[in-house]
Amino acid sequence: MVFKQKHLLGIQPLSTSEIITILDTAESLIEISSREVKKVPILRGKTIINLFYEPSTRTRSSFELAAKRLSADISNFSNQSSSVVKGETLKDTILNLEAMNTDAIIIRHAFAGSPYFISTFCSSHIINAGDGAHEHPTQALLDAFTIKQRKKKFSGLKIVIAGDILHSRVARSNILLFKKLGAEVVLVGPPPLLPPYFSKLGAKIDYNLDRAIKGADVIIMLRIQLERQDKSFFPSLREYRKLYSLTRKRFQKAKKDAIIMHPGPINRDVEISTDLADSTESVILQQVENGVAVRMAVLYLLLGGKEHEIAD
Amino acid sequence: MEEKIKAKIMDSGKIKRAFNRITNEITERNRDLNNLVIIGIRTRGVFIAKRISQLIEKFEGIEVPIGILDITLYRDDFSERKEKHIVKQTKIDFSITDKDVLLVDDVLFTGRTIRAAMDSIIDLGRPKTIQLLVFIDRGHRELPIKPDYIGKSLPTSRREKVRVKLKDIDKKDEVIIIEPAGMK
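Residues numbered from 1 in each chain as written. Chains lettered and ligands numbered in written order. Predicted model: local features only at pLDDT ≥ 70, side-chain atom pairs only at ≥ 80, totals over all residues.

## Some remarks on the domain arrangement of chain A
Residues and elements named next belong to chain A. The domains assigned to chain A are domain 1 (16–136 + 289–311) and domain 2 (137–284). Taken residue by residue, the interface counts 20 residues in domain 1 and 20 residues in domain 2. Of all the secondary-structure elements, those providing two or more residues to the side of domain 1 that touches domain 2 are helix H1 (16–29), strand E4 (125–131) and helix H11 (284–303). Tallied by class, the residues present in the side of domain 1 that touches domain 2 amount to eight nonpolar, eight polar and four charged. (Domains from an automatic or database assignment. Contact = placed C-beta atoms within 7 Å. Helix = DSSP H or I, 4+ residues; strand = E, 2+ residues; numbered from the N terminus. Nonpolar A, V, L, I, M, F, W, Y, C, P; charged D, E, K, R; others polar.)

The following block contains the structure:
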């Protein structure tokens, strides 16, 4: 069994076999969530902190349920309700939390690299739940898990990621992960939201969704981050919709058995039409369901056993 | 660590006779075979469970459902071990509530695996009874656990290992005792 990480800071530090170990473990754990008693005792007595400096419903509750289904104790902190508003630094917050003998800290923060920064002085396991526009590893892992469920393998797959690539930590983690697993990744979006340097990650770049979608096996639509549009990355929402919204007509150019994914929350009829979001080709809710299993796998692999001590 | 085979305890003939005898004991004790379900503990327990189920069908014409149990998430030596265990799937596609559950494992040693398996089963429902079948009982119990059906009782020393090999997975049927090299 291959898994030697102490933290989950991103997809980048993971080896392909470690990724496969996470996906296989999630496969074994998914059944627990459909039991009548949705709980196993393996992480009994472990204390986990959910520290969210940015708003989140899906990811935070997904981690919370994952921890609870493995019998860990989990405590939620968000910036609105903590001493962050009183001016405490990130480092002080972490040191104070750790003084309460935590075993793992799950952190979402607006600054890229903050999970890494914490890992340099903190002895708990650190899990990145999204850091700025850098990485969101568990989202990428649950996307990969969902694709694997439907497509069985990654080699030969054409995966299109469309939308606001520039601001998307999900896109970065997804590109890294899908390349490690051997799929072809094509990025699509308006040029201001898709800088050419993304090709360095191994993805192809296209500015035309109609062209890029041809022969696609998987289409991942990203949310247009309306809260960031004050800088006007595109002329108007109406134009964006016309060129980059996934509609039934566009989707028909993909492979017959193509699936549609979205990390959520979706802007209906902006990046994806409502009928497609609710269609049988859409696996958006399966992604959410699989998210719990994948996060259980990550928590189990990091907190269960002591293998990382050998690696240290 | 290098290992050497100390003794071959059972060959395929003995194993076959043991299976037949155990199956008869099970059918004798469980009047209502329709209420019986078999749960094999990964890995060898599953293959033993399959063999038992086939024999019950052969002798009595009743098909007994089989479930697969992975006890990794219920282990009590979890945080003491250096090596992480691979979690494999638990696959029990039927309700166990009010059923007579026949729990199957290859070798009974300290009893801790069976404790974990029983905890796991009880989280899945409330069986009417749990019965325990082990192919080899090698002694050295650390918990008050006693099997209902035994293929063979085999006194061993603690450092020895017992391997039950089954043709469905190991190409042949045999039971051997292994001793770590360099020990007497």
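## So, the environment of Val175 of chain B
Residues and elements named next belong to chain B. By the secondary structure assignment, Val175 is in strand E8 (residues 174–180). By the C-beta count within 10 Å, which is 24 here, Val175 ends up buried. With 62 residues separating them in the primary sequence, Val175 and Thr113 have C-alpha atoms 20 Å apart. Apart from the residues lying within four places of it in its own chain, the contact partners of Val175 are Ile9, Met10, Ile15, Ile136, Val162 and Val164. (Buried ≥ 20, exposed ≤ 12 C-beta atoms within 10 Å, placed from the backbone.)

## What about the sheet that holds strand E1 (residues 3–10) of chain B?
Residues and elements named next belong to chain B. Taken in spatial order, the three strands of this open sheet run E1-E8-E7, and their pairing is antiparallel. Either end of the sheet is taken by a strand with one partner, and the two such strands are E1 and strand E7 (161–165). For this sheet, the mean inter-axis angle between neighbouring strands, taken without regard to orientation, is 30°. Both E1 and E8 contribute to a ladder of six bridges, which runs antiparallel. By the bridge assignment, Ala7 is partnered in E8 with Ile177. (Pairing = 2+ DSSP bridges. Axes fitted to C-alpha atoms, helices over the stretch in contact; angles between N-to-C directions.)

## Re the packing of H1 of chain A against helix H5 (residues 137–151) of chain A
Residue and element names in this part refer to chain A. It is at 10 Å that the axes of H1 and H5 come closest, and there the two elements cross at 65°. In terms of orientation, H1 and H5 fall into the roughly perpendicular class. Here H1 and H5 pass one another in a crossing that is right-handed. Residues Ile22, Leu23 and Ala26 of H1 form the contact with H5, whose participating residues are Leu141, Ala144, Phe145 and Lys148. Across the contact of H1 with H5, the residue classes tally to six nonpolar, no polar and one charged. (Parallel < 35°, antiparallel > 145°, perpendicular 65-115°, else oblique. Left-handed = near helix turned anticlockwise from the far one by under 90°.)

## A look at the nonpolar core
Most often, soluble globular proteins have nonpolar side chains that are buried together. Residue and element names in this part refer to chain A. Of all hydrophobic cores here, the largest spans 141 residues; its most connected members are Val160, Ile219 and Leu299. When residues of this core are assigned to their parent elements, the largest contribution, 12 residues, is made by H11. Looking at this core, you find at least three residues from each of domain 1 (16–136 + 289–311) and domain 2 (137–284). Once residues lying within four places of it in the same chain are set aside, the contact partners of Ile219 are Val160, Ala162, Ile213, Leu246, Ala254, Ala258, Ile260 and Met261. (Core = buried A, V, L, I, M, F, W, Y, C linked by C-beta atoms within 7 Å.)

## Concerning the sheet that holds strand E2 (residues 73–78) of chain A
Residues and elements named next belong to chain A. Sheet architecture is open: four strands sit in the order E2-E1-E3-E4, paired in parallel fashion. For this open sheet the edge positions go to E2 and E4, each flanked by a neighbour on one side alone. Strand-to-strand twist across the sheet, computed as the mean angle between neighbouring axes with direction ignored, equals 15°. Summarising the sheet, strand E1 (residues 47–52) and E2 pair through six bridges and their orientation is parallel. Counted as the bridge partner of Leu51 is Phe77 from E2.

## Some thoughts on the packing of helix H1 (residues 12–29) of chain B against helix H2 (residues 44–60) of chain B
Residues and elements named next belong to chain B. At their nearest, the axes of H1 and H2 sit 10 Å apart, and the two run at 65° to each other. Regarding the angle of H1 to H2, the classification is roughly perpendicular. Note that H1 runs across H2; the crossing there is right-handed. Contact with H1, carried on its side by Phe19, Asn20, Ile22, Thr23, Ile26 and Thr27, involves Arg51, Ile52, Leu55, Ile56, Phe59 and Glu60 of H2 and no other residues of that element.

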